[in-house]
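Results of the structural survey
Residue-level listing of the chains:
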Amino acid sequence: MFTSNLSTESTLSPCITRHSLDGLPILKIQSPECEAAICLHGGHLLQFKPTGHHDVIWLSKKAIFSQGKAIRGGVPVCWPWFGPVSAPSHGFARISTWQLLDHGENEQTVTIRLKLCASEKTHEIWPHDFSAVLTFTLGVTLRIDLEMINTGERPWQWSGALHSYFNIAATTETWITGVGTSYLDSLQNDLPCETSEALIINQPIDRIYTAPDATIAIHDRGNQRIIHVVNTGHNSAVIWNPWKELSRNMGDMSDDGYETMVCVEATRYAKDLASGVLLVPGEKNILSTEISVTSDK
Ligand code: TA6
């Protein structure tokens, strides 16, 4: 993985070291259970590899690490809105610098908590007061919790996603179960659709599944494994693969990038800013995803 060449700036604990990549701070986690990396730019998980398994999370070979830019791959934190309902698209959390709040470890897991609060910069984009805490619990499984609190005096609405990019051996050998049968097709102006067909990836896909099961399974046959995704605090699961043409047109994705990735996102979808989830002053919401792998030989 690209982070293996980074020189260590400091050691935070037996399992956590701090590095920098093109000026952006990165935390690397190396424990008996897993290897992982988190960039403070965006509060962005870059890597998760449980010991004995292939990488679970996909990161673009051409990902750009630069202030003001979203990183292609990993788990972008889309918040306080999902999609292009306001600018910047997918909100400002994924291009903001998060602060390390604290970290801890026990025999099973390493925990890292990052924080983002309202500032002059966020007020220029979104005129609300908030405090957001991202908790990464890294062990044999990965859990990410995005907790948000309205610290202001006026209510606000939010939408968002933990926009996980999964690493698969090949789209041609992958299918996805547990997404349900109803979706809005983002490639057709959010047209409501129904299907009972298995979800395979053989064309551009950008769908908001509105009634997913409790667990979504990515059958990654080429790697002889199943990746299980359990989301909470969401109202939908977005499935995205850009396919050939869009991959070629994206500067931060290689031409064949689409062949080994699929996004399965814990999404709180809203069609515009005003129809997001209402959070009154002092109120808190949590959006979470939990990711685990079983072998399928
Ligand atoms: O979550 C799916 C999606 O909103 C797609 O429509 C697609 O544009 C993708 O996210 C990537 O968005 P980005 O802003 O990271 O290029």
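Residues numbered from 1 in each chain as written. Predicted model: local features only at pLDDT ≥ 70, side-chain atom pairs only at ≥ 80, totals over all residues. Heavy atoms only, no water.

1. Points about the pairing of strand β2 (residues 16–21)
The cut-off we apply is this: Only strands that DSSP links by at least two bridges are regarded as paired with each other. Labels follow the DSSP assignment, with helices taken as runs of H or I lasting at least four residues and strands as runs of E lasting at least two, numbered in each case from the N terminus.
Here strand β1 (residues 10–11) pairs with β2 via 2 bridges, running antiparallel. Looking across to β2, one finds that Ser10 is bridged to Arg18. Adjacent in sequence and paired antiparallel, β1 and β2 are bridged by 4 residues. If you look at the hairpin formed by β2 and strand β3 (residues 24–30), you'll find 2 residues sitting between the two strands, and Asp22 has a positive phi there, around 50°.

2. Focus on the site of the ligand
For clarity, the threshold we go by: The near set for a molecule or strand comprises every residue that places at least one heavy atom within 4 Å of it. We define a polar contact as two N or O atoms separated by no more than 3.5 Å, with the added condition that, inside protein, one atom must be a possible hydrogen donor and the other a possible acceptor, whereas residues neighbouring each other in sequence contribute only through side-chain atom pairs. Only the protein chains shown count as cover for residues, and the accessible areas themselves come from Shrake-Rupley with a 1.4 Å probe.
The environment of the ligand is made up of Arg72, Phe82, His90, Arg94, His163, Asp206, Val238, Trp240 and Glu265. In this structure, Arg94 approaches the ligand through a side-chain N or O atom, which is 2.8 Å from an oxygen atom. Take Glu265: an N or O atom from its side chain is 2.9 Å from an oxygen atom of the ligand. Contact with the protein chains removes 75% of the 390 Å² of surface that the ligand exposes when unbound.

3. Side note on the pattern of salt bridges
Operational definition: Definition used for salt bridges: Asp or Glu carboxyl oxygen within 4 Å of a side-chain nitrogen of Lys or Arg. Partly exposed residues are those whose accessible area sits between 20% and 50% of the maximum for their type, while under 20% is buried and over 50% is exposed, using a 1.4 Å probe and protein chains only.
This model, assessed by the stated rule, comprises 6 salt bridges. Close ionic contact of Arg143 with Asp145 constitutes a salt bridge, the shortest N to O distance being 2.9 Å. Given the relative accessible area of 14%, Asp145 is considered buried. Between Arg143 and Glu290 there is a salt bridge, with its nearest N and O atoms 2.8 Å apart. Taken together, the residues span a long stretch of sequence, with Arg143 in strand β10 (residues 142–150) and Glu290 in strand β24 (residues 284–295) at a distance of 147 residues. Under the relative-accessibility criterion, Arg143 is labelled partly exposed at 28%.

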